[in-house]
Amino acid sequence: MLVCLASRPINERRQRHGATLPRGRLKLLILQAGVDLAATMVMRKTHDLTDKRPWTAQDVPPTMVTSPAPHERLHMTNANTMHTSPHALPSYLNAQDLGPWGIYLQQVDRVTPYLGSLSRWVETLKRPKRALIVDVPIELDNGTMAHFEGYRVQHNTSRGPGKGGVRFHQDVTLSEVMALSAWMSVKNAAVNLPFGGAKGGIRVDPKTLSRGELERLTRRYTSEIGIIIGPTKDIPAPDVNTNEQTMAWMMDTYSMNEGATASGVVTGKPIALGGSLGRREATGRGVFTVGQEAAQHIGLDITKAKIAVQGFGNVGGIAAKLFAQAGATVVAVQDHGGTVYQATGLDVPALLRHVSEHGSVKGFEQAEKHAQHLADAQFWGLECDILIPAALEQQITAANAHLIRARMVIEGANGPTTPEADDILHERGILVVPDVIANAGGVTVSYFEWVQDFSSFFWSEDDINTRLVRIMREAFAAIWQVAAEHQVSLRTATFIVACSRILQARELRGLYP
């Protein structure tokens, strides 16, 4: 049909120019005209404002693959029945199990009514700018080959280069990395850093690899994602199961491939390689700082507060130490090794030493006669004033939110509270200080490190901590004010501030081409 429709204008053109085209050339023109006509049919269907029907198989021109209408996504089951999701989803996600990305989409939905004229750009927030999936092959110590799946997602770069960590975990998924990159976009904008959001990860249990295998894995992954990272494009940092040494390997690999030392390609590096003082403690210090500010607003005396912490690494451990130094009582700590509890307060410095030596809190109750071991499920129902989830995503859910007895939850981890749990906590009058502001201390000092690397002029730790505290306090004050003005949660207020900044940058820059 397409050839018959196209042949007449082609023949007329031959007659107009008085030329005889070779048969092969004629076939090429006929084929091109068929493609042009199919494209025209697609354009008419897409832009016909009188036709709002979802496309059916009969609507699709021959050989054309179509995208869903912008207001919906169609999913075909084996029975050829269609299911509509409220979001226009990329084809590589499962609409029935969106994972963390689904949580992020719900958060964007909640903030959209407050964006005013900028809401016309909101679909920008629902699609990552770039997602790279790589195969990471390495040779194991025993001589066999192993392949691992790696990701690097850049969610938005309207305000600057991508910025976000790299995690090594056996349960990492593309949905998780997409959500984490989006939360980095929000986090960076919330504290007004000149960064967009990015995140990376490898599906691997690092505990099963030797140091040499981890180095080879890190270097190969860095080489694979090297086409999209760089000091002015995307700057990785440590995250779950990665550290300063990981960043040193990444920096060296990228530099070798570039032929010059590029210290600014990652942050969270060792001090000797251009790292920043205060970076290791920065995220925990940020959690403590916004916790102090929030406590003042709700009339909670920190010196009399009881603290429960889930996760006792650089975030939870440092936050617990700072709260204890401020006079608070840390009554419970939970990590992958178990839960320890002491009503009169745990010895935080001793617990930190124990975790450093043994890898978890497991066994601490045997070293400290007054500490108790609890079943992990009991952790959520403990009486406390401040609960700090500083481990992994989706820890506070509809199943346990009703058990929580704290006055305030400070999210040290990324995405630890599901939207359903958020609503339950709000209804119960429990203040939630969201991750996108609470744990922004790490990326703030990463920004300081990036600036110092560019200038090759390094600041004192006192200067860094002073600047960090000032930025966190100012950001929290602005978010608290927005929450009061709109009578919304701190999470929604943070999204209002951050998404407005992101979309304003998108609008000012426009679309190219």
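Throughout this description, residue numbers start from 1 for each chain and increase along the sequence as written. Totals for whole chains, interfaces and linings use every residue, but because this is a predicted model, local features are given only for residues with pLDDT of at least 70 and side-chain atom pairs only at 80 or more, for both listing and counting. Processing note: side-chain calculations cover all non-hydrogen atoms of the structure and skip hydrogens and water entirely.

1. Describing the pairing of strand β8 (residues 306-310)
Step number 1: Partly exposed describes any residue whose relative accessible area lies between the buried limit of under 20% and the exposed limit of over 50%, with all areas from a 1.4 Å probe on protein chains only and scaled to the type maximum. Only DSSP runs of H or I reaching four residues or more are called helices, and only runs of E reaching two or more are called strands; each is numbered from the N terminus. In terms of residue burial, β8 counts as a mostly covered element, since four of its five residues are buried.
Step number 2: The pairing of β8 with strand β9 (residues 329-335) spans five bridges and is parallel. Looking at β9, one finds that lysine 306 is bridged to threonine 329.
Step number 3: Here the term right-handed applies to a crossover when the path leading from its first strand over the helix to its second strand runs clockwise, the strands being oriented away from the viewer. Crossover handedness for the path β8 to helix α8 (residues 316-325) to β9: right-handed.
Step number 4: One bridge is not enough; two strands pair if DSSP finds at least two bridges between them. In terms of strand pairing, β8 meets strand β12 (residues 386-389) through four bridges, oriented parallel. Residue valine 309 lies in a different strand from β12, and its bridge partner there is isoleucine 388.

2. A closer look at the sheet that holds strand β5 (residues 162-169)
Step number 1: Taken in spatial order, the five strands make up an open sheet running β3-β4-β6-β5-β7, and their pairing is mixed. Looking at strand neighbours, the two that pair on one side only are β3 (130-139) and β7 (234-238), the edges of this open sheet. Averaged over all pairs of adjacent strands, the angle between their axes in this sheet comes to 25°, without regard to strand direction.
Step number 2: One ladder, built from six bridges, connects strand β4 (residues 145-156) with strand β6 (residues 197-203); its direction is antiparallel. Bridge pairing links glycine 150 to isoleucine 202 in β6.
Step number 3: Contact between two residues is taken to exist if any of their heavy atoms lie within 4.5 Å; hydrogens are not considered. Every axis in this analysis is a line fitted to C-alpha atoms, fitted for helices over the stretch in contact. Angles between the N-to-C directions lie between 0 and 180 degrees. Packing against the sheet, helix α4 (residues 174-190) makes contact with β3, β4, β5 and β6, and its axis sits at approximately 150° to β6.

3. Concerning unusual backbone geometry
Step number 1: Of note, the bond from tyrosine 512 into proline 513 is cis; its omega dihedral lies within 30 degrees of zero at -5°.
Step number 2: Look at asparagine 192: it is not a glycine, yet its phi comes out positive at around 65°.
Step number 3: One can find asparagine 192 in the loop between α4 and β6.
Step number 4: According to the relative accessible area criterion, asparagine 192 is partly exposed, its value standing at 45%.
Step number 5: In the Ramachandran plot, asparagine 241 falls in the positive-phi region, its phi being about 65° despite a non-glycine side chain.
Step number 6: Take asparagine 241: it is sitting in the loop between β7 and α6 (244-258).
Step number 7: Assessed through its relative accessible area of 35%, asparagine 241 is described here as partly exposed.

4. Thoughts on the nonpolar core
Step number 1: Nonpolar core, defined: a set of buried Ala, Val, Leu, Ile, Met, Phe, Trp, Tyr and Cys residues in which side-chain atoms within 4.5 Å join the residues together. In terms of nonpolar packing, the biggest core is built from 97 residues, with Ile386, Ile388, Ile410 and Val433 touching the most fellow members.
Step number 2: No other element matches the eleven residues that α4 contributes to this core.
Step number 3: Ignoring any residue separated from it by four or fewer positions in sequence, one finds isoleucine 386 in contact with Leu300, Ile302, Ala305, Lys306, Ile307, Ala308, Phe323, Ala406, Met408 and Ile410.
Step number 4: Counting 26 residues, the second-largest nonpolar core is a separate cluster that includes Leu132, Trp249, Tyr254 and Val265.

5. A word on the confidence of the model for the chain
Step number 1: Taken over all residues, the pLDDT of the chain has a mean of 85, while the share at 70 or more is 83%.
Step number 2: Every residue in residues 1-84 is under pLDDT 50, and counting partners more than four places away or in other chains gives 62 contacts. What pLDDT expresses is the predictor's confidence in each residue, scored from 0 to 100.

6. Quick word on the pattern of salt bridges
Step number 1: One speaks of a salt bridge when a side-chain nitrogen belonging to Lys or Arg is within 4 Å of a carboxyl oxygen belonging to Asp or Glu. Taken as a whole and assessed by the stated rule, the structure comprises 22 salt bridges.
Step number 2: Here arginine 167 ties to aspartate 239 by a salt bridge, and the two come within 2.6 Å at their closest N and O atoms. Placement of the pair is arginine 167 in strand β5 and aspartate 239 in the loop between β7 and α6, with a sequence separation of 72 residues.
Step number 3: Using a relative accessible area of 3% as the deciding quantity, one classes arginine 167 as buried.
Step number 4: Shared partners join several salt bridges into a network, and the residues in it are Arg167, Glu176, Lys199, Asp239 and Glu393.

7. Some points on the packing of aromatic side chains
Step number 1: Only Phe, Tyr and Trp rings take part, Trp by its six-membered ring, and two of them pair if their centres are within 6.5 Å. Stacked means planes under 30 degrees apart, edge-to-face means over 60, and tilted covers everything else. Here the structure, examined in full by the defined rule, presents ten aromatic pairs.
Step number 2: Centre to centre, the rings of phenylalanine 448 and tryptophan 459 are 5.3 Å apart; their planes meet at 55°, and the pair counts as tilted. Of the two residues, phenylalanine 448 sits in helix α13 (residues 441-455) while tryptophan 459 sits in the loop between α13 and α14 (461-486), which places them eleven residues apart along the sequence.
Step number 3: Judged by relative accessible area, phenylalanine 448 falls into the buried class, the value being 3%.
Step number 4: Site record: aromatic cluster; members linked through ring pairs are Phe195, Tyr447, Phe448, Trp450, Phe454 and Trp459.

8. What to know about the sheet that holds strand β10 (residues 338-341)
Step number 1: The strand order β11-β10-β9-β8-β12-β13-β14 describes an open sheet built from seven strands, whose pairing is mixed. Whereas interior strands pair on both sides, the edge strands pair on one side only; in this sheet they are β11 (372-374) and β14 (431-433). Within this sheet the neighbouring strands show an average axis-to-axis angle of 20°, counted without direction.
Step number 2: Running over the sheet, helix α7 (residues 279-298) touches β12, β13 (408-410) and β14 and is turned about 160° from β13.

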